[in-house]
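# An overview of the molecular structure
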Amino acid sequence: MPWRLIAKAFGWQTAADEVGETPVLVVWHPRLRRQFTGTDAWRRAVRVSIHAPQPYPVDAARNEVQS
């Protein structure tokens, strides 16, 4: 699966965190304020982007939801 390509389409960006001897890949999204590191960072970013929409709040009035 082309995880990197799909994540880039959703607006995810990369950075390198150079704390130790080897740089660590950081995949982050500017609007979601989420970041992932590690070998499966691209896959996790895509899974966050492709999710079911949040339902309307339970206490919202029907008139507000329909208009």
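Here, the structure is the one placed above.
Residues numbered from 1 in each chain as written. Predicted model: local features only at pLDDT ≥ 70, side-chain atom pairs only at ≥ 80, totals over all residues. Heavy atoms only, no water.

Now for the sheet that holds strand β2 (residues 24-29). Spatially, the 3 strands line up as an open sheet ordered β1-β2-β3, and their pairing is antiparallel. Since the sheet does not close on itself, it has two edges, and those belong to β1 (13-17) and β3 (34-37), each with one partner. Strand-to-strand twist across the sheet, computed as the mean angle between neighbouring axes with direction ignored, equals 30°. (Pairing = 2+ DSSP bridges. Helix = DSSP H or I, 4+ residues; strand = E, 2+ residues; numbered from the N terminus. Axes fitted to C-alpha atoms, helices over the stretch in contact; angles between N-to-C directions.)

With that out of the way, let us pick up the packing of aromatic side chains. The final tally for this structure, using the stated rule, is 1 aromatic pair. Between W12 and F36, the aromatic rings sit 5.7 Å apart at their centres with planes inclined by 40°, giving tilted as the arrangement. On the criterion of sequence distance, the pair formed by W12 in the loop between α1 (3-9) and β1 and F36 in strand β3 is long-range, its members being 24 residues apart. The pair formed by W12 and F36 is uniform in burial state, with each residue classed as buried. (Phe/Tyr/Trp six-rings, centres within 6.5 Å; stacked < 30°, edge-to-face > 60°. Buried < 20%, exposed > 50% of the residue type's maximum accessible area, 1.4 Å probe, protein only.)

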